[in-house]
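Breakdown of the fold
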Amino acid sequence: MSDLDLDDLRNELEEFAQPAKKVTRSPREERIIAGFEDIQRFVEQHGRAPQHGEDRDIFERLYAVRLDRLRAQDDCRELLAPLDHQGLLAGEGMSAPELVEAMDENELLAELEGIAGDDNITRLRHVRPSAEKRAAEEIANREPCPDFDEFKPTFERVKRELKEGARETRRIENTENSLADIKPGALFIVGGQVALVADEDQAFVTEYKRTDRRLRVIYDNKTQSNVLARSFQKALYRDDAARRITELSAGPLFAGENDDDDQASGTIYVLRSKSDHPLVAANRGVLHKIGVTGGDVARRIANARLDPTFLMADVEIVATYTLFNINRTKLENLIHRIFDPARLDIEIKDRFGNPVVPREWFLVPRFVVDDAVERIKDGTITKYEYDPKVAQLVMREDMTDV
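Rules and cut-offs
- Residues numbered from 1 in each chain as written.
- Predicted model: local features only at pLDDT ≥ 70, side-chain atom pairs only at ≥ 80, totals over all residues.
- Heavy atoms only, no water.
- Helix = DSSP H or I, 4+ residues; strand = E, 2+ residues; numbered from the N terminus.
- Contact = heavy atoms within 4.5 Å.
- Phe/Tyr/Trp six-rings, centres within 6.5 Å; stacked < 30°, edge-to-face > 60°.
- Buried < 20%, exposed > 50% of the residue type's maximum accessible area, 1.4 Å probe, protein only.
- Lys NZ or Arg CZ within 6 Å of the ring centre and 35° of its normal.
- Core = buried A, V, L, I, M, F, W, Y, C linked by side-chain atoms within 4.5 Å.
- Salt bridge = Lys/Arg side-chain N within 4 Å of Asp/Glu carboxyl O.
- Pairing = 2+ DSSP bridges.
- Axes fitted to C-alpha atoms, helices over the stretch in contact; angles between N-to-C directions.

Here we take up the environment of E173. Among the structural elements, E173 can be located in the loop between β2 (169–171) and β3 (187–190). Through-space distance from the C-alpha of E173 to that of R243 is 9.5 Å; in sequence the pair is 70 residues apart. When residues no more than four places from it in sequence are discounted, the contact partners of E173 are S178 and Y237.

Encoded structure:
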């Protein structure tokens, strides 16, 4: 056969060649890969695979159980093998593999999404009934979060604070009042992921005459969901491992521990603005709103973007400190007097175009606020004032000889 004939034959065969198939993955596969990538990041940071044990932090124990279950499933190993550059799937130490292998894919997915904060994190729970599986489905309709970089520092800080003991995880209370805890700024562990309630829409009344609202929830695996508050609440109830992450707190003031008859007076809050105002953006790292409230801080900031005192922008809770037996108004006035030399001079227009000058924003580093709180606790705060030149509290001149 001539070279020309061979070329003709090749051209003919190419017409029958099947086009290359575009690789597409199901939502289940995407979630499994995202969970495996979390484990890989842990290995990169610590130089070893996650391990079981009560002495390990909650996230390492979570990753250890997740890795055991991925190893135990043939389809998971096949899906993840091309990504396993660290050789994690070849390891040993599976948890109850005979029970895991007996699960179907939906049951496995439910288990993979439901491991965090349990009393015994290494315990493989029995297969859940379909009613419980629907709980995961209520929050499973997630999509990539386009602005995750904005929330990433929050997740990193919260995980660090959990490890250090500055935050705790609490069981979800199955009460109607618990719906109020699902609000912007609130943090949960659900479906094996840390979830942040980033925003909420206006409340409305359902056909069953109950109020509800739609939330934007961000997860630490770079996904987000727009879910009704009551649906999210049900998902928390039905996930045995779901937990609420407490707010950062420095504990009661003016005492190492509060007595049973002490009365909670309120909370000192420290906020950071997300405003794109040039002056705010240029000083975001040291610009904080410092105030005292007798109510819930998250509820206080829920509509920050509509309030000129919050610079007409959303804010982030940096820290809170619980007060006991203290006059809130006097304490707030004291704090504002101390930091007055660093008060931000800015004018903001409200929704109606009227000029407003916020008075609770200060150019003060976070560590100085912590220092002030410590001096409030030991009762020496009245002897100090803030010096913006050295960015620290200094003793008042009239106190140097005392």
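Let us look at the packing of aromatic side chains. Evaluation of the coordinates by the stated rule reveals 5 aromatic pairs. With a centroid separation of 5.6 Å and an interplanar angle of 65 degrees, the aromatic rings of F339 and Y386 are classed as edge-to-face. A residue pair is termed long-range when its members are at least 10 positions apart, and F339 in the loop between α12 (328–338) and β13 (348–349) and Y386 in strand β16 (residues 384–387) qualify at 47 residues. Comparing F339 with Y386, the two get one shared label, buried. Grouped by ring-pair contacts, the aromatic residues F339, F362 and Y386 constitute a single cluster. Sitting over the face of the ring of Y219, R142 holds its NZ or CZ atom 3.6 Å from the ring centroid.

Here we take up the nonpolar core. Grouped burial of nonpolar side chains is what soluble globular proteins tend to show. Ranked by size, the top nonpolar core spans 29 residues in total, and within it F36, L70, L80, F155, V194 and I245 carry the most contacts. Sorting the residues of this core by element identifies α2 (27–46), α3 (58–71), α4 (74–80), α8 (148–164), β3 and β4 (193–200) as the ones contributing at least two each. Grouped together as the second largest cluster of nonpolar side chains are 26 residues, I290, I335, A342 and A372 included.

Our next topic: the pattern of salt bridges. Per the counting criterion, the structure on display carries 20 salt bridges. Counted as one network, the salt bridges with shared partners bring together D38, R41 and R66.

In this fold, I381 is placed in the loop between α13 (366–378) and β16. The sequence separation of I381 and L393 amounts to 12 residues, and the corresponding C-alpha distance is 9.4 Å.

Sheet architecture is open: 7 strands sit in the order β1-β8-β7-β4-β3-β9-β2, paired in antiparallel fashion. The outermost strands of the open sheet, each flanked by one partner alone, are β1 (143–144) and β2. Across 4 bridges, β3 lies against β4 in antiparallel orientation. When the sheet's bridge partners are listed, I189 is paired in β4 with V194. In this fold helix α9 (residues 229–238) packs onto β3, β4, β7 (214–219) and β8 (223–228), with an angle of close to 110 degrees to the strand it touches most, β8.

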